[in-house]
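Close look at the chain arrangement
The residues making up each chain are set out below.
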Amino acid sequence: MIFIAYFAIEHPLTHALTQNIAKALPYYLSGALILISLTFNRSRLALASVNICLAYAVIQQGLQAALTEQSNLYLYHATVILFGLHLALIGIYRERGSLTGWGIIRVFFIVSSYLLVWWIYRSGYADAVFRLALEYTHPLITDKYWITPLWLASFLFTGLILMIVAIWKRSSIEFALLVSWLTGHLVFYDFSEPLISTYLFTMLMLALFVAFVQITYDLAFVDTLTELPGRRALLEKMGTLGNRYSIAMLDVDHFKKFNDQYGHDVGDQVLKLVASKMQKVRGKGTSYRYGGEEFTVLFPGKSVNEVEPHLDELRANIEHYQMVIRDQNRSKDKKSGQNQRGQNASDKKIVQITISIGCSERTDQTPDPLEVMKVADEALYEAKGQGRNCVVCKVV
Ligand SMILES: Nc1nc2c(ncn2[C@@H]2O[C@H](COP(=O)(O)OP(=O)(O)OP(=O)(O)O)[C@@H](O)[C@H]2O)c(=O)[nH]1
């Protein structure tokens, strides 16, 4: 295999062919990603792919020449700016599904900006345009004279936007955009290396593919409200448990009453709070949202005696947490809301939530995880019967 690979890559007969295939790879990957992104309504990934593909095309068609000429330096700087700027804008955009008017306008915007830059380059106006920015294009690094204040400003500005967006939104697409931005600038930084754009743009497209897979996984397995893995992930994990494990079922007490009194939005906040506490449960437990206001914790390799203290600690943490909620009657208008706050400090209300927990472990009588879960559910029912806000363990 190694011999065949070596022959294919290095032999003079096939060398040119493999190089041509390698050079075309980012185009193929980009086309494939645009297609699957549109199929799965991931418009931002499709936009990123269009941007990257166009930047790569400009590099391949126009920037395989010495950067000593002003027209080439114009094309180089314009591409760096467009590449970073479009990625930053895609980071800021909200996901709105593909093939909508919004998506078509954005694609048009990206394509036309590259076409304009290319037209200026080909029509002979490039030198004149470049001279307008002469003040900002003196070299910052001696042997890399294409690295200029304009380059640096574009790099820092777009990078800052993408970093803020990545920290704020914390999802795989923002992370992939950041990786793309960094990889792309590596190409623009080390421009003298042969084939660097081909290798790094291929890597960059693969990073977007990884993001696509992650997004698809999250859609199928992660609950959007609480960000805990959902029931599908739970059932999958239950299939991999060994011969020793415990399962706990949790339910928020009087949640219907809570919803009726404070509204569905506050109810959602409660579920998020419970989920965030559950994520910190000790004893190596993994938490899942089972559905509605019910949650599950799996403890692989643990007996109920081992996990009970951790579950009770979780129950107590939630009981003692004082959740502050805004008075629903307070004006939504910010200014008048602030005035009201000044007059009446009690526009916030502190509420406390409790949960009940039922827990069971695998035994010879209950060898199947679904049976263990059923017993844990019975234990939860008993906990409700005992007045709620407690942990009941049951082993059969
Ligand atoms: N806000 C919000 N409410 C939900 C969600 N899913 C389920 N619920 C509500 O959860 C409530 C569940 O109520 P019940 O099953 O009657 O139980 P309960 O009021 O918690 O009472 P006990 O379990 O007996 O303590 C219902 O009012 C559902 O509408 C959700 O995602 N968000």
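This section reports on the structure supplied with the text. (Residues numbered from 1 in each chain as written. Predicted model: local features only at pLDDT ≥ 70, side-chain atom pairs only at ≥ 80, totals over all residues. Heavy atoms only, no water.)

So, about the pattern of salt bridges. According to the stated counting rule, one finds 13 salt bridges in the structure shown. Where E174 meets R44, a salt bridge forms, and the shortest distance between an N and an O atom there is 2.5 Å. Remark: R44 occurs in helix α3 (residues 43-62) and E174 occurs in helix α8 (residues 172-189); sequence separation between them is 130 residues. Here E174 falls in the buried class, since its relative accessible area comes to 2%. Among the residues examined, R44 registers a relative accessible area of 5% and is labelled buried. With a shortest N-O distance of 2.9 Å, K394 and E378 are connected by a salt bridge. (Salt bridge = Lys/Arg side-chain N within 4 Å of Asp/Glu carboxyl O. Helix = DSSP H or I, 4+ residues; strand = E, 2+ residues; numbered from the N terminus. Buried < 20%, exposed > 50% of the residue type's maximum accessible area, 1.4 Å probe, protein only.)

Turning next to the pairing of strand β2 (residues 286-291). Here β2 pairs with strand β3 (residues 294-300) via five bridges, running antiparallel. For S287, the partnering residue across the bridge sits in β3 and is V297. What sits between the antiparallel neighbours β2 and β3 is a turn of two residues, in which G292 has the positive phi angle 55°. (Pairing = 2+ DSSP bridges.)

Pairing between the strands of a sheet is mediated by backbone hydrogen bonds and can be parallel or antiparallel. Taken in spatial order, the five strands of this open sheet run β2-β3-β1-β6-β7, and their pairing is mixed. Of all the strands in the sheet, the pair left with one neighbour each is β2 and β7 (391-393). Taken over all neighbouring pairs, the strand axes of this sheet differ in orientation by 20° on average, direction set aside. Where strand β6 (residues 355-361) lies against β7, three bridges are found, and the strand directions are parallel. Bridge pairing links I357 to V391 in β7. Contacts from helix α13 (residues 304-320) reach β1 (245-252), β3, β6 and β7, with the element oriented near 170° to β6. (Axes fitted to C-alpha atoms, helices over the stretch in contact; angles between N-to-C directions. Contact = heavy atoms within 4.5 Å.)

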